[in-house]
Amino acid sequence: MGALSGLRIVDLGWAMAGPQATRILADLGAEVIKVESNARPDQARTTFGPHVGERGINNSGYFNNFNRNKLSATINLSLPEGREVFKKLVAISDGVLENFSAGVMKKWGLHYEGLRAVKPDIVYVSMAGFGHSGPYADYQTYGPTVQAVSGLTFQSGFPDMAPAGWGFSYMDHTGGYFGCMAMLQALLYRRRTGKGQHVDLSQVEAAITLTGPALLDYQVNGRPSARIGNASGHPTMAPHGVYRCAPDESDGGVGDDEWVAIAVATEGQWQAFTCAVGHPEWQHDPRFETFTARLAHQRELDGLVEEWTRPRSNLEVQRTLQAAGVPAGRVQRSRELFEDEPQLEHRRFYPVLDHPVVGRHRVDGMPAVFSRTPAEFKRGGPLMGEDNDYVFGELLGMPEDEIRRLESEKVLW
């Protein structure tokens, strides 16, 4: 039995941010019912891949990754009858989560005030990009635009280069994590008081929490945001960076694109580092003798470090430095993470799921291992409408002929 067993969440999340939030709830035992329709399926089903085989509505790896352990019920919310069925489902649920643009749910009468009328203690989490108030409330967003507006894109990269950005939609993950936390906090409050509430989560503001000390630095010191590449900023470290290693010549390797990250923070780690790389004399070199000197000559030091890492594999460097107590980690890709990671294998990080279309596959598991209530992985992402009979028949008690009628009229569709 999972930690959240007994909770029922209606999931209107789509794309990544909303499904990321409810995925965590489902992994921890909540019954998460994903509501979508053939008229407006989750964008992740059709747009985001990779798809297994020809592109279809049930075989997106992206969709299945963020929707495992969930049920699927199809309700066409653009139709009045569909909205009435949806309200019945909310009436027997604990929480609703949606990440539509502000105003979409209100247009259907399914905003917090509308659903509170049918379920007074409902917890309702909204995850619009800019939140549901303010001059930008109607703006459209995706993860990359959230990253830009939050200030993160400008800070990413090297000082003498244009902003590198954060890649695709990392902020959807951050928004999802905050969405999950918000749902749990509001459910805890409801358990204590019996009162539900609306949580208006702004994904942009969630992203701003990752800007680190940049806001404080501007406020206190008047310094604008800056890009610092691989430097650590605060606290300062030296050597600190990602260093090139020997090419990977193994079958399926990527050639001369191997790297290792090294971070030396303390004097003890510096002494251990110099001994591990066979250059204890660096401790007495005026360029590196003190921490201040190492920072002043960081480029020279980086060059020397890479002279040592270059002929070695990144795994050898990781093992050598970690054995000496120096933080170091090889830069890994999917192949290493799946096939050559004894730590993840030991923690059983990749549960195996079956799926009628995608087939048997591994997924990333739950990073937090609960001693009493471990996360459970019971099923892959749901087929569209796979659980209609259970949701409408068993949970809502609708007669079968009524369900079939509504399906034929594309209400439950």
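Look up: the structure comes first, before these words.
In what follows, the accompanying structure is described. The structure displayed is predicted, hence computed values, not measured ones. (Residues numbered from 1 in each chain as written. Predicted model: local features only at pLDDT ≥ 70, side-chain atom pairs only at ≥ 80, totals over all residues. Heavy atoms only, no water.)

Okay, the overall build of the chain next. Secondary structure assignment for the chain yields 19 helices and 11 strands. Taken over the C-alpha atoms alone, the chain extends approximately 85 × 50 × 40 Å along its principal axes. Classification of the 413 residues of the chain by burial places 45% in the buried group. Partitioning the intrachain contacts of the chain with sequence separation of at least 6 by distance along the chain shows that 68% fall at a separation of at least 24. (Helix = DSSP H or I, 4+ residues; strand = E, 2+ residues; numbered from the N terminus. Buried < 20%, exposed > 50% of the residue type's maximum accessible area, 1.4 Å probe, protein only. Contact = heavy atoms within 4.5 Å.)

It is worth spelling out helix 12 (residues 267-276) at this point. Listing the buried residues of helix 12 in full gives Gln 269, Trp 270, Phe 273 and Thr 274. The buried residues of helix 12 occupy one face: seen down the axis, they fall within an arc of 135 degrees. Phi for Gly 278, located one or two positions after helix 12, is positive at around 80 degrees. (Arc of directions from axis to C-beta.)

Counted residue by residue, strand 2 (residues 31-36) has 5 buried out of 6 residues, so it is predominantly covered. Alignment of strand 1 (residues 8-12) against strand 2, held across 4 bridges, turns out to be parallel. Across the sheet, Arg 8 pairs through a bridge with Glu 31, a residue of strand 2. A crossover links strand 1 with its parallel partner strand 2, the connecting element being helix 1 (residues 17-27), and its sense is right-handed. The pairing of strand 2 with strand 3 (residues 71-74) spans 4 bridges and is parallel. Within strand 3, the position partnered with Ile 33 by the bridge is Leu 71. (Pairing = 2+ DSSP bridges. Right-handed = clockwise from strand over helix to strand, strands pointing away.)

Take the nonpolar core next. Counting residues in each nonpolar core, the largest one holds 37 residues, and the members touching the most others are Phe 86, Phe 392 and Leu 412. Sorting the residues of this core by element identifies strand 1, strand 2, helix 3 (61-67), strand 3, helix 4 (80-91), helix 6 (112-116), helix 18 (388-395) and helix 19 (400-408) as the ones contributing at least two each. Ranked by residue count, the leading element in this core is helix 4, at 4 residues. When neighbours within four sequence positions are excluded, Leu 412 is seen to be in contact with Thr 74, Ile 75, Val 85, Asn 388, Phe 392, Met 398, Ile 403, Leu 406 and Glu 407. The next biggest cluster of nonpolar side chains, apart from the first, holds 24 residues, and it includes Leu 4, Val 32, Val 125 and Met 366. (Core = buried A, V, L, I, M, F, W, Y, C linked by side-chain atoms within 4.5 Å.)

Now for the sheet that holds strand 9 (residues 328-330). Strand order across the open sheet formed by 3 strands is 7-8-9, with antiparallel pairing between neighbours. The outermost strands of the open sheet, each flanked by one partner alone, are strand 7 (240-244) and strand 9. Direction aside, the axes of adjacent strands within the sheet are offset by 20 degrees on average. (Axes fitted to C-alpha atoms, helices over the stretch in contact; angles between N-to-C directions.)

Moving on to the packing of aromatic side chains. One pair of aromatic rings is described through two measures. These are the centre distance and the angle between the planes. This model, assessed by the stated rule, comprises 13 aromatic pairs. Note on Phe 338 and Tyr 350: the rings are 4.7 Å apart at their centroids and 55 degrees apart in plane angle, and the pair reads as tilted. Residue Phe 338 is found in helix 16 (residues 334-339), and its partner Tyr 350 is found in the loop between helix 17 (342-346) and strand 10 (352-353); the two are separated by 12 residues along the sequence. Taking the relative accessible area as the measure of exposure, Phe 338 reaches 35% and is therefore partly exposed. On the accessibility criterion, Tyr 350 (18% relative accessible area) is buried. Aromatic ring contacts, followed pair by pair, group Trp 270, Phe 273, Trp 282 and Phe 288 into a single cluster. Across the ring face of Phe 154, the terminal group of Arg 227 is positioned such that the distance to the ring centre comes to 4.7 Å. (Phe/Tyr/Trp six-rings, centres within 6.5 Å; stacked < 30°, edge-to-face > 60°. Lys NZ or Arg CZ within 6 Å of the ring centre and 35° of its normal.)

Strand order in the open sheet made by the 6 strands is 3-2-1-4-5-6, with parallel pairing throughout. The sheet is open, and its two borders are formed by strand 3 and strand 6 (197-200), each paired with just one other strand. Averaged over neighbouring strand pairs, the angle between their axes works out to 20 degrees when direction is ignored. Relative to strand 5 (residues 123-126), strand 4 (residues 95-98) runs parallel, the two being bridged by 4 bridges.

Turning to its location among the elements, Asn 64 is positioned in helix 3. Measuring from C-alpha to C-alpha, the distance between Asn 64 and Gly 397 comes to 29 Å, with 333 residues separating the pair along the chain. Those residues in contact with Asn 64 that sit more than four places away from it in its chain are Asn 58, Asn 59, His 355, Val 358 and Gly 381. A polar contact of 3.5 Å, which involves the side chain of Asn 64, links it to the backbone oxygen of Asn 58. (Polar contact = N/O pair within 3.5 Å; in protein donor to acceptor, adjacent residues only side chain to side chain.)

What follows is about the side chain of Arg 8. Structurally, the position occupied by Arg 8 is in strand 1. Within the structure, the side chain of Arg 8 is placed 2.6 Å from the side chain of Glu 31, a separation counted as a polar contact. Separated by 2.7 Å, the side chain of Arg 8 and the backbone oxygen of Ile 92 make a polar contact.

Taking 1.5 Å of rise per residue, the 12 residues of helix 14 (residues 298-309) would be expected to cover 16 Å, and the 16 Å separating its terminal C-alpha atoms lies within 8% of that figure. Every buried residue of helix 14 is accounted for by Gln 298, Leu 301, Val 305, Trp 308 and Thr 309. Down the axis of helix 14, the buried set is contained in an arc of 95 degrees. They therefore lie on one face. Along helix 14, the residues that are exposed and aim more than 90 degrees away from the buried face are Arg 299 and Glu 307. (Expected span 1.5 Å × (residues − 1).)

Following both chains from N to C, one finds helix 7 (residues 143-150) and helix 9 (residues 170-193) inclined at 85 degrees, their axes separated by 7 Å at the closest point. Between helix 7 and helix 9, the interaxial angle falls into the category roughly perpendicular. Here Gly 143, Val 146 and Gln 147 of helix 7 come into contact with helix 9, specifically with Tyr 170, Met 171 and Asp 172. Across the contact of helix 7 with helix 9, the residue classes tally to 3 nonpolar, 2 polar and 1 charged. (Parallel < 35°, antiparallel > 145°, perpendicular 65-115°, else oblique. Nonpolar A, V, L, I, M, F, W, Y, C, P; charged D, E, K, R; others polar.)

Across the 5 residues that make up strand 1, a large majority, 5, are buried. Here strand 1 shows no split at all, with Arg 8, Val 10 and Leu 12 on one side and Ile 9 and Asp 11 on the other all buried. The pairing of strand 1 with strand 4 spans 4 bridges and is parallel. Looking across to strand 4, one finds that Leu 12 is bridged to Glu 98.

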